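Here are the chains, one letter per residue:
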Amino acid sequence: GTLLDLVNLTKNADKSIIEPVAIYLLAELLGLLELLHSINVVHADIKPDNFLLRQTPGTSAAPSLQLIDFGKAIDMSLEIEKYSDNETTRYDCIDEEEDDETELTEEEKEDREIEKNE
């Protein structure tokens, strides 16, 4: 089942996941995310339903969790390559038109300044 199944089963039985098991699962989960981020991949759909529970946590050296559903995942190395030829990237959020304030009236300049500070 999934991590969500484990949480729901525990909740329906009016019990809690014991703290050492929760810590173990969280450490595995964070390790998986760290691994993905180290290879410049963003999963973009992290939720308990996307973690398969392969075995009872702590019963073997093999990982208990497996991350699934990479449908929304982003390979950031591909994104960076797309924009590496430009001086700006899409993450800079620079609007060329807004930078040219020479054609604006004083009132328009004041309005933009107010918008920036909100």
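Residues numbered from 1 in each chain as written. Predicted model: local features only at pLDDT ≥ 70, side-chain atom pairs only at ≥ 80, totals over all residues. Heavy atoms only, no water.

A. Fine view of the overall build of the protein. On a plain count of helices and strands, the protein comes out with 5 helices and 4 strands. Element order for the protein, N to C, with α for helix and β for strand: α-α-β-β-β-β-α-α-α. Put simply, the protein has 118 residues, and 16% of those count as buried. Expressed as a percentage of contacts within the protein between residues at least 6 apart in sequence, the contacts between residues at least 24 apart total 53%. With an accessible surface of roughly 9,200 Å², the protein has 52% of that area assigned to carbon and sulfur atoms. (Helix = DSSP H or I, 4+ residues; strand = E, 2+ residues; numbered from the N terminus. Buried < 20%, exposed > 50% of the residue type's maximum accessible area, 1.4 Å probe, protein only. Contact = heavy atoms within 4.5 Å. Areas by Shrake-Rupley, 256 points an atom, 1.4 Å probe, with all protein chains shown as cover.)

B. Expanded view of the environment of P20. Among the structural elements, P20 can be located in helix α2 (residues 19-38). Through-space distance from the C-alpha of P20 to that of G58 is 9.8 Å; in sequence the pair is 38 residues apart.

C. Region of interest: the nonpolar core. In terms of nonpolar packing, the biggest core is built from 9 residues, these being L3, L25, L29, L33, L36, V41, F51, L65 and L67. Among the elements of the structure, α2 and β3 (65-67) are those that each provide at least two residues to this core. Residue contributions to this core peak at 4 residues, all from α2. Contact partners of V41, with chain neighbours within four places excluded, come to L36, A73 and I74. (Core = buried A, V, L, I, M, F, W, Y, C linked by side-chain atoms within 4.5 Å.)

D. Broad picture of the environment of T10. As for its placement among the helices and strands, T10 is situated in helix α1 (residues 3-12). Judged by its relative accessible area of 14%, T10 is buried. Excluding residues that lie within four positions of it along the chain, T10 makes contacts with K15, S16 and I17.

E. Just the pattern of salt bridges, in detail. Evaluation of the coordinates by the stated rule reveals 2 salt bridges. Here K47 and D45 are joined by a salt bridge, their closest N and O atoms 4.0 Å apart. Note that K109 and E106 form a salt bridge whose closest N and O atoms lie 3.9 Å from each other. One end of the pair, K109, and the other, E106, are both in helix α5 (residues 106-117), 3 residues apart, so they sit about a helical turn from each other. Judged by relative accessible area, which is 28%, K109 ranks as partly exposed. (Salt bridge = Lys/Arg side-chain N within 4 Å of Asp/Glu carboxyl O.)

F. Representation of unusual backbone geometry within the structure. Phi at D14 takes a positive value of approximately 55°, unusual for a residue other than glycine. Phi angles above zero are rare outside glycine, and D69 is one such case at about 60°. Along the chain, D69 turns up in the loop between β3 and β4 (74-75).

Bear in mind that shape data such as this cannot, by itself, settle questions of function.
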